[in-house]
Structures are given as C-alpha cells and as structure tokens.
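Per-entry structural report
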Amino acid sequence: MELKCRQLLWGVAMCSAAAAAQEPAKPADEMVKVTVVGTSIKGAKISTALPVSVVTADEIAATGAVDGDDLMRQIPQLGDVFFNPTNQAQTSNTARGDVSSIDLRGAGLGDTLVLLNGRRLVTHPTSNGNNTVPLITYNSSAIPASGLHSVEILLDGAGAIYGSDAVAGVVNTVMKSDFNGLTISAQYGHAESTSRSELNTNIFGGKNFADGRGNVSLSLNVLNRSHQNPSDMPFTADQDKRALFAGTPWASSSVPDGRGGQSSWINGSVFNGTAPVTTAIRQGTTALTTAAGAFHLQPNTIAGCVTQLGNGLCLGTGGNNQNANAPGNILRYNNAANDYITVSPAIQRQNLFLTGHYDVDDNTTLYGEVGVYHATAQTLTTQPTSLVAVGVPASNYYNPFGPVTFADGTPNPNRLPGLTNVPASGLPLTFTNYRFNDYGPDHVDVENYQYRYLVGLKGSKAGFDYDTGLLYSYATATDISDGVDSNALYKQLALSTPDAYNPFNGSCLNGMGGGDCTPSSKAALDATRIRVKRADRTGLLLADFKLSRRDLFTLPAGDVGVAFGVEVRHETQEDNRDPHVNGSMPFYDAVTGLTQPSSATGVNITPSSKGSRTVEGAFLEFAVPAISPAMKIPLVKAVNFQLAGRYEHYSDFGSVSKPKIAMSWDVNDSVRLRASYSQGFKAPNLETTADYTYGRASSVTDYFKCEVDVRAGRLTNFSACSRVPGVRYFISGNPKLGPETSTTSNIGIVLQPNWLPAELGRFTVALDRWRIDQMGIVGTLGLSNVSAADYLSRVSGGAGDPRIIRAAPNADDVAAFAGTGLTPVGNIIDVKDTFLNLQPQHISGYDLTMNWRKRTAAWGSFDGNLNVAYMDQYTRSPLSGIGDLLTARAQGVLNAALPLSDLENDQLRNYGHPEIKVAANLTWKLAAWQVGVSGNYIGSVYDTGLLTTDGKPWREAGQTLWNGYVQYKLDTGRWLQDARVKLGARNLFDKLPPLAQGGYNGGLYNPYGRYLYLNLSTTF
C-alpha cells in the first residue's frame, strides 16, 4: 500500500499527496522514509499507524508567516493562543512581550511537547496565569518560520516515547541544514488601517567542506514590527464596548464596559487615629461623609456634590456610584482613550541558528547546533492602582480635612471652611481604588533571550543505529516597567508644600480617561516614580542515548524493530523579583497602622523563588509485524503493531511509568485502518509546587453585596453590579501536588483510492476519532468561584466561605443591608487559595483530512487540501466542594445571571473551544508562476462571562477568512538564481474579528483586518 502522504493538518499550504498522478503504484513495502515524530525506529512501518502531519518549507513559505505564532494559528487542531503579545497585563506577574503559546486540542498549556530537531526546547521563563494558575509554555514566537525545513505534528499521546508533557501530542520543528549556497529574502507587511507593519529579513547560507563529508549552515532572521494602537480598530478604540451591543438582549449588561473602576477620582475615608471615624464629618450642618467617614471626589457637573472644592471639583458622600446608569459611570477609567495603551507591542527580534556535521567515517557522524534568539518589546499599559488603602497624613498640603495651619505656621489654603468636628490639627484619611494617571502610561520593556547548544554523535554499529547527545539550553526574560514607590509616596503625601502628591485634583473633567488633565507636580512624580524589574530564567541540561534496529529478529510476518533509550535531564526555574515586590522593602502606613510587605503600589508581594528537578527516564519500543502480504489473508494485507513504554523518576515527586500500543491494518492497497491507546502525564511546574505563598493585587465581584443591592432596589440588573472591591489574593504552592495523568485513544481510516482514473489526480483521505481523558489537572478554585461560594453560604444563612476575609461591617454597611433580611458584612479584603489536583476533563472529536494532487503538461500542477477539526465533547467536572453552585443557580437560590463559567460541566464552544475549525487550500504552479488560495473557518463560541438577565450567554459568530498570494520566478541569469517576487494577502476580504465582550477574542483572532505583504527572495 502506497501511503507516502503526510496527513494534512493545516490551512494555507498543506502537504502534498503521495506521488504524481502519472506515476505507477509501488509495492506496499516501499514506504517513503521521512523523519516523523511518534517512533524512534528508523524506517518502521508502524509510522503509518500514527496521525502525523509534516508541513514542508515550501508550504510554510506560502503562508507569509514570519514566526511560529503566525504558523501555528493555521492549524485547526490547535486551541486558542492563551499567551500572545496582545495580553495587556498591568504588572509583570504575567508573561508580556514577544511570547505566544502552543496548545494542541485546547487540552491545556503544558500538555503539548515541543521539540527542536527531535529534542526538547527549553520553556519560556515567565509564566502566565489562567485563573491565577501559573502556566508554563514553549514560546512559538521564538521559532523563525523562514528557518524551518518542516514542522511535524503528532496528534496522539506520546508520553511512552517522549515523557512528560506529550499529553495531547508533539510538535517537532525541524530546522534547515546541510545547505551549500546563499539565499536572501525580505518581506514587508502591513495591516490595513492600522499602525502595524513589519519588515522581516532572512539570510540562509551554508558551505560544504572536506569533500562533502561535512557542512556548516547558518540561518539568520531579523524582524522589526511596529506597535498597534487602540484607535486603529473600532473594537479596541474604547474600553466601553456597550455601544457595540446596542439592539441586542445583552445591551443592558455592564460586562462589556471594560473601563476600570479604579480612576483618579478618589474614594476616601476620614480617619481618627488608625481607624475610620464613627460619625459623619460635617461642614456646618451638612454631612460631607457617611457615618463611617466615606466620601468621594467628582466633577461638579454631575449630581452628587455636597460641597465645592474649586476648579470644577466637589466632594460627595459615600463611594462614587459607577453603576451602569449612575452619573458617576462616566468617571470609569478608559485606558484606550488617547492611545494610552498599545494593543500589541513593538518588537525587534533576531534569531540565529547554526548547524554543522562531519562524517568521521562511513558509519559515524559528529553533529552540533547553536541557537540564539533575542527579542525586545516595548508596550504601553495602564498605570498602577491602589487596590489597598493608601494613607494620607493630616499634614498633606491638599488634604481638605487638613490642619488650620501647617507646622511652620503657614495657613492652610485647602482646608474646607466651616468644618465642625474636625480638630484644628486636621484628620488623616485613606483612599483606595485610585489609579495614578498623572504618571502617564506605564512603559513596559521586555527582553527575551533563548540559547541552545547541542553536540551529538550518531551512526551505526553492529546492525544498530545509535544517537547520543548533550544539550544545554536556557532562556531569560527581563520585564521592566514603571511603578510607584509606596514609601516615597507616603513621604510626598506628608509634605505641607505644593510639591506634595495631590490625590484630590481628579482627572479630566469630561471623564474620558486616557491621561490626567490635572497631574501632580513634576517634583512629586519624580520623587515617587520607580522602575520595577522582574528577571526570570529557565534552564535545561539533557543527555540522552538511543539505540534502534529495524530488524532485531524475524517473525513470520517480517522483521521486528526495536528502539531503546535513556535520558537524564535537569530542569531549573528561577524568578527574581524586584526588592520592592519580594518583601525585602516593606511599607508601613502610619495612617492605617498596617505594614504591606510590598512597597510597589498596586503590586502585592511575590517572593523571589527558584526550583529544580532532575528527571531520569528510559523507554523501550517495538515495531511488530503481525500479518504480511505474503500470507495472502483475505481483507488483511498487513497488520503492524507498536508497543512502547517509558519509565521516569522525578527527584521532587516520585516515579511514573506509562504504556502505549498502536496498530495499523492494511485492508488492501487503498484502505488502511489504524488505532492507538496511550497513557500520559505532565509533571506540575516548579512554581506550583514551591512551598511559599504569594499575593496578587486583584479585584473580585462581591456577589453577596450584589444580591443585597438587588433586594434593596438599588440595582435592577444583577449583571450591572459594580461591587468590585480591590482585594489581596493569596495563593499557596503545594509541594504535595501529583502529576496530571491522561489516557489518549485514536481510531481512524486512511483511504487512497488508486482505482480512480489518473485524469482525476491522486487523493488521500483520512478520518480519525480521538479522545483525551485527563485527571488531576492543577488549578485553584479561583476568585470568582470563592466569592460565589461565599454568596451561597450567606444567602443560605451560613457564616460565609472561610477563604474570604472581610472587614467588620461599618455603619454604611449596616445601612445598606437594612430591609434585605441579610446579615450585614464588610468589604472583602483578602481571598486565600491553594493549588490542587482538580477534577477530570474529557475531550473528544474527529479529524478529517483530504489531500489532492494533479499534474498536467499544459496546465501545470494543482495541489488541494482540506482539514476539518470537529470537537464533540469538552467536559470538565465541577470543582470539588462547590459543585452545588450550579444547582443553587438553577433552583433560583442564586441569581440566574451569576456567571459560573469555570464550573460549567460542558466547556464545548466556551470562549476558546470552538466546535469546528476548518482549513483548506489550493495551489497552482505553471512554469514561473505560482498562485495559492486558502481559507480558514473558526466556528462560533459562547462568551459565558456575558449573560442576559435570564442567563443566556453571548454568541461570538463563526468566521471564514480567505488568504491568497501570487508568485513569479524571475529569469535573472547566472548571478541570481531562483529570484522570486511574491505578493500576498491574509484576510483578503478585510473581515474584522467577531465581536466579544472585550472587543475581540485574542486567543482565536488577530486584532486587525486585511494584511498585505510583499516578499522578494533570491539565491546566489
């Protein structure tokens, strides 16, 4: 049976079929030898039992992709890109800069093993939080598309061959090598109607030596990409997306209003000693605060003023009501205004890869690799915020409740007149939910390095092929961003001169955000501004030795192949935090009497940490023929099996061993059946097993207080609730975490209908049914889930969830709860959580691929491909201990609009898990011309965080994007060979991404429309 085709798995230019239509068929045992993942036995027939795709360099070039992220997004079987440069993280607690992730099947980051030339890549040093779980990934942006010879994708569990992480499959990137000559190319691309453009230059050269026994090849890629501004696209120009949902049942929801509740309009509380006052502050008979001393600042052009401050400002009692229909809603901070953030960063990237080999003799080859990746990224993000209370001494020059005269005898021009119960010495106060807009946007600079050094020896001896190597690789990421020093800020707040920091000057009176029209003095800003640095590093030291032989012994059906290997690897991870953040420079607030372990305002403590593990592993694999064509069994031309197992011992949590079995059954020359079953595992990353607790400055919706507002009649729409206090979220590592385990199965059929007339071309069709069952996935319960559990406990008459720490109820809280029948509580202050091995996850679906090739003398060649990835199950069991939340919501105990997306049993079509993705392409070649057209379809998904009042989620529509290119080969004579000009476009019809609550879904779509590019290349 001739099945030389690589199973097609992607969209713009997929694989070619087995042979030209005019070629005669070859015997079944004449298999094409290609390097594939999934087996370590060279030339083993069992490779045909594995669902493997090989994407060639020509197919990669046809996409116009400049890096691995562009490339991987074309593969329907890949899930959403959770790590991507459009992440707008406010702090360095999450990965920023030039980084993108790889996630086959959407099974989870870390469940896809990524190899380079058959050996592991080092992981990206900086984690990214998914529900605060720090996830580690391989950085696909570090893979230069132009330097790739091919990409091999195994869509099957492979833990028995490769060890940890190969749960959903393996992606092996194979670099170009063994080249004699020089090729130079340059590509310029621009996304229409945006500020995004990029220039990508590539040089690939090589030289043979020692009469062809050796070769050195070098690939150099240089990319310069400009940033993209919010104003470029209508769905990013404004953080308030409510207008985009006008005329729909979701128009009344406040969820699309992404403007921050933390702005330069302070919410304050007057203190007496180190506690809030217990009676309202009055100006004459007018109460300026609530009984608990709460007040806010606002423009005097909207309702709510109780006294004027001048310059268009006034004070109001209580907190600033920013609910959807309240006058104060205009004061929410819109960071997209005036392009005060960037949608994607400016990136400068250099990627160098050097390979070499030398044939010591006819049976021995010495080889090596050197890889260097470097990237810098510059982006703008939002300013730091005071998610915990910041104390303002009575002596502050701008304090409206300050002393009558300052310590030097100078009269205070800013104390409010007529204060009846404020002493002449003044009173201190605190403010919270404050954004330091007057510092301007935060400038974030991220620099990544990735190094790889490999030396190896391979050859054959005594009938065995062997390969052994020593690999050392490490990666670094340095993230430096603007910040505010809490210690310096307190000193500046204590000044009784105009150079004091002034939190009482509001912001732009039109409430548009995107800056501050009334900043504090330059002296105040310069004295408190800092640069916060995070420096991370991961390392991988690996030594391996592999033996294989395709004919260890002979059975009646043929030769039995074997492979055996041992591997030792040492993995390290180091996270060095800034002294302002790691606890070595705490901040004592004399107003509140509290000590904060972090002195970077708005950033909770995260200790510096490091960890390492040593892994020792061994695997054994057999390729066993059970039936051969010579046996002449009806309907069974050939049957082959793969039997494999791997044992690994981890220095930090013990040992695991996992098996795999696969088989192929050739019914005849045109039909092949295949099946596989394997078990896999993923070791928990070193951040989750560290024995320490770190904090995150965050915010959470207080669902219980939302219920109070609904019962009191202050809120008619639960989804419009703005009870989102700033909290400290403490997460503890768990040294007792076990590995995530999995079982993977695949059954499929491959058809190559050789009986069709040659005039129709050659076809290969494959249909596979697959399933992944995962157990013990590492996670946390999460802020929203814990808040929802607290909500259920309290409306049911309980004392609340013990993981929620609240302040004691003050007089304002007691008044707010009056008449609701619920027991008053204070604001949420802290939330505590820990990493756990959570409940099972089950994913299954179908892959359908079809390849077509036709060759003609007059009309040239045609290559067509179709790839359909259909997912029919993605279920996750409710988290242990709080699964009753779903029942309570269904029974009406909890509000129907309470979002519980993380608890939903059925995750299919939820945000990043579309039910169907399709990729297809057609390429035509004739003489000097080459034309390609491709299409990609992503099915609709539901945004379960955006609900109607009766709990119906928003549907993000499906979308088809078309791409195309035209290439012409120039006849340039002897000096320039193979010179080509290519003009192409991605998203030919300029479609914008489907609307989502945040404007667009960055894990599935790019934030721009049509992208045009021009590529020039030549070979010397």
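Just so you know, these numbers come straight off a predicted model, no measurement behind them. (Residues numbered from 1 in each chain as written. Predicted model: local features only at pLDDT ≥ 70, side-chain atom pairs only at ≥ 80, totals over all residues. Heavy atoms only, no water.)

Quick look at the packing of helix α7 (residues 703–711) against helix α8 (residues 783–795) now. Running from N to C, α7 and α8 point in directions that differ by 50 degrees, and their axes come no closer than 7 Å. As summarised for this structure, α7 and α8 are arranged oblique, according to the angle between their axes. Seen from α7, the contacting residues are Tyr703, Phe704, Glu707 and Arg711; seen from α8, they are Ser784, Ser787, Ala788, Asp790, Tyr791, Arg794 and Val795. Here the residues of the contact of α7 with α8 sort into five nonpolar, two polar and four charged. (Axes fitted to C-alpha atoms, helices over the stretch in contact; angles between N-to-C directions. Helix = DSSP H or I, 4+ residues; strand = E, 2+ residues; numbered from the N terminus. Parallel < 35°, antiparallel > 145°, perpendicular 65-115°, else oblique. Contact = heavy atoms within 4.5 Å. Nonpolar A, V, L, I, M, F, W, Y, C, P; charged D, E, K, R; others polar.)

This brings us to helix α4 (residues 486–493). Given 3.6 residues to a turn, an α-helix orients residues that are three or four positions apart in the same direction. Buried residues dominate α4, accounting for six of its eight residues. Here the buried face of α4 lies against β21 (390–392), β25 (464–484), α5 (522–528) and β28 (587–589). (Buried < 20%, exposed > 50% of the residue type's maximum accessible area, 1.4 Å probe, protein only.)

Phi is positive for Asn311, which is not a glycine, with a value near 60 degrees. Tracing the sequence through the fold places Asn311 in the loop between β16 (307–310) and β17 (313–317). For Arg909, which is not glycine, the phi dihedral falls at a positive 70 degrees. Summarising the element assignment, Arg909 is placed in the loop between α10 (884–890) and β44 (916–926).

As for its position among the elements, Phe235 is in the loop between β10 (214–225) and β11 (267–272). Taking C-alpha positions, Phe235 is 55 Å from Gly214, a pair spaced 21 residues apart along the chain. Residues in contact with Phe235, not counting those within four places in the same chain, are Lys241, Leu244, Leu992, Pro993, Gly998, Gly999, Tyr1000, Pro1007 and Tyr1008.

The next thing to look at is the environment of Ala475. With respect to the helices, strands and loops of the structure, Ala475 is situated in strand β25. Note on Ala475: relative accessible area 1%, which makes it buried. Remark: the alpha-carbon pair of Ala475 and Gly738, spanning 263 residues in sequence, is separated by 26 Å. In contact with Ala475, other than residues within four places in its own chain, are Val122, Thr123, Pro125, Tyr449, Gln450, Asp536, Arg537 and Thr538.

One open sheet holds the five strands; their spatial order is β1-β6-β7-β2-β3, and the pairing between them is mixed. Two strands close off the open sheet at either side, each with one partner strand: β1 (52–56) and β3 (119–120). (Pairing = 2+ DSSP bridges.)

Turning our attention to the side chain of Ser609. With respect to the helices and strands, the residue Ser609 is situated in strand β30 (residues 609–627). Setting aside anything within four residues of it in sequence, one finds Ser609 in contact with Gln573, Glu574, Asp575 and Tyr692.

In this sheet, strand β31 (residues 638–650) lies alongside β30 in antiparallel orientation, the contact comprising 12 bridges. For Val615, the partnering residue across the bridge sits in β31 and is Tyr650. The turn joining β31 and strand β32 (residues 654–666), which pair antiparallel and follow one another in sequence, is formed by three residues.

Overall, mixed pairing links the four strands, which are arranged β34-β35-β40-β39 in an open sheet. Looking along the sheet, the strands with just one partner apiece sit at the ends: β34 (693–699) and β39 (804–806). Neighbouring strand axes in the sheet, compared pairwise and without regard to direction, differ in orientation by 20 degrees on average.

Here 10 bridges tie β44 to strand β45 (residues 929–938), and the two strands are oriented antiparallel to one another. Looking at the pairing, Leu922 lines up with Val933 of β45. Linkage of β44 to β45, two consecutive antiparallel strands, is achieved through a turn of two residues, within which Ala927 is found at a positive phi near 55 degrees. Pairing geometry for β45 and strand β48 (residues 959–970), over 10 bridges, is antiparallel. Looking at the pairing, Ser934 lines up with Asn963 of β48.

Nothing here speaks to function; it is geometry throughout.
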